[in-house]
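Fold and geometry: a report
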Amino acid sequence: MLNFNPDADQISAPDAASGTAGQQGASILIVDNEPGLRDDLRKALASRYALVEIATSIDSAEALRQRCHFDLFVVSMRLSGESGVVWQRKLRDAGVRSDVIFMTDYADLDTAVAALRAGASDLLVQPFRIEQMLASIKRCLDRREMMRENFLLRRRSVPPRTAEGLIGDSAVMQDLHRIVNRIAATASTVLVEGETGTGKELVARAIHKQSGRKGAFVAVNCGSISSELLESELFGHTRGAFTGAHAAREGLFGYANNGTIFLDEIGELPLPLQANLLRVLEEKRVRPVGSDREVEVSCRVIAATNVPLAEQVQQAAFREDLYYRLNVLRIVVPPLRDRLEDIPALAHYFAETLASEIGVAPVPFGHNDFVHMQDYDWPGNVRELKNVIERSLLLGRLPGDCCHGGTGVPAGRGGSQDGGGFPLGWTLSEVEKQHMLRVLDSVGGNKSEAARRLGISRKTLDRKLQAWAHGGTD
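So, here is what we can say about the structure in this document. Here the structure is a predicted model, which means the values were calculated and not measured.

1. Some words on the overall build of the chain
When you go through the chain residue by residue, the secondary structure sums to 18 helices and 14 strands. If you take every contact in the chain between residues at least 6 apart in sequence, the share linking residues at least 24 apart comes to 70%. Surface exposure of the chain reaches about 22,900 Å², of which carbon and sulfur atoms provide 50%.

Following this line, the structure appears as structure tokens:
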């Protein structure tokens, strides 16, 4: 055990390390004016965490904080000059969300209440054992990781289905894989361009996954957040910075610290915020709304746009200096029409994952189905293909019937087609199924009207649709 007692001659630390592998990358600032306790605490923590710094006063602690990000502060309550409690209140008002553990050699109710009201994460009474300090630090870091994960999960409408998600062996996709592999480990800013639905976010996620960065991947759609709230979302805000800001909050750049922030639809960023973003990229610091101080951040920035930024620069809709700052590494994601040979792999992937998600039987693909899909331009790109596969699973029909809005005749699985009818190789049950689905399509999905036109009851139609959805033939 390690007993922090000023009269002790020797201190020994336990062998067990504290925290998870992810927590070992944490940064801690110890603020204490007692050399013995301060140095012994630093020695005990230095082998467990990536960065452990010491300060003898609040002024020196604040100077260190201005230069470096700290996940946790361990602060003595007996400092001369400004107290740690007052400093903690100032940090919270400035939007700094790092945890604080207070140390004191006396414990009374007033002390505890003052510490908790200031936002302390824990209060340790001296002398204490190293196990107590390590457990307190671990609780703080665990809570911090959980808050980050919960925040990101709330923002993410649909989690990624694969780590990289870049599917396809076409020549253009092989080039894309090579580029991603080459630049992933760098810290350079990346600009991803491509049409809507090509998978620009998947490219960004692949870069982050292969970069080895320990922080989170944070995706932001700059066009979906109002311009009034976007600055606060990105950079955070202090308490009282605007109406409704009842508490200080860390921005998305803070949540992406040591990770990657993906700025989708970057061309939608208002011009005033473009100037702020340029400063962040150059100085690696953000200023929360309502604060007069900046906070250091370390995250990679990947921006994406479906409209070439060079065109927006010419139209004076995008800052030229920001464009050149973002365009360090440029990746153009190819449209699906330029890699039609990837359609079979993509279709199989979507069919397998979507069938499991929505609980229906997968639709079997034939050669003609892929020929039919490859004979289409796919203006909505991979996103449109995914929707087609999902619609085919829900309706129980082959995807070839969905490529042109669900009104075409399904691609055959052998045999010839006589006139405008169904393929001669189909069974009577297959003809019945496709005819009923086409009638249902023609009335916009109105089951009662479809049943009337088919000359059957609504109950019979419901029974057949349910059977087809589960892979049966009724």
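Past the structure itself, the notes keep going.
2. Details of the pattern of salt bridges
According to the stated counting rule, one finds 21 salt bridges in the structure shown. Here Glu-201 makes a salt bridge to Arg-205, at a shortest N to O gap of 2.9 Å. Placement of the pair is Glu-201 and Arg-205 together in helix H7 (residues 200–211), with a separation of 4 residues, close to one helical turn. Residue classification places Arg-205 among the buried positions, given a relative accessible area of 11%. Here the residues in one salt-bridge network are Arg-279, Arg-285, Arg-287 and Glu-294, joined through shared partners.

3. Considerations on the nonpolar core
By size, the foremost hydrophobic cluster in this structure holds 32 residues, and its most contacted members are Phe-253, Ile-261, Leu-263, Ile-266 and Leu-326. When residues of this core are traced back to their parent elements, those giving at least two are strand S7 (217–221), helix H8 (227–235), helix H9 (252–255), strand S10 (260–264), helix H10 (271–283), strand S13 (300–305), helix H11 (309–314) and helix H12 (320–326). Sorting elements by how many residues they give to this core places H10 first, with 5 residues. Ile-266 has contacts with Cys-222, Leu-277, Ala-303, Ala-304, Thr-305, Leu-309, Phe-318 and Leu-326, leaving out every residue within four places of it along the chain. Counting 22 residues, the second-largest nonpolar core is a separate cluster that includes Leu-346, Val-382, Leu-385 and Ile-389.

Basis of the calculations
Residues numbered from 1 in each chain as written. Predicted model: local features only at pLDDT ≥ 70, side-chain atom pairs only at ≥ 80, totals over all residues. Heavy atoms only, no water. Helix = DSSP H or I, 4+ residues; strand = E, 2+ residues; numbered from the N terminus. Contact = heavy atoms within 4.5 Å. Areas by Shrake-Rupley, 256 points an atom, 1.4 Å probe, with all protein chains shown as cover. Salt bridge = Lys/Arg side-chain N within 4 Å of Asp/Glu carboxyl O. Buried < 20%, exposed > 50% of the residue type's maximum accessible area, 1.4 Å probe, protein only. Core = buried A, V, L, I, M, F, W, Y, C linked by side-chain atoms within 4.5 Å.

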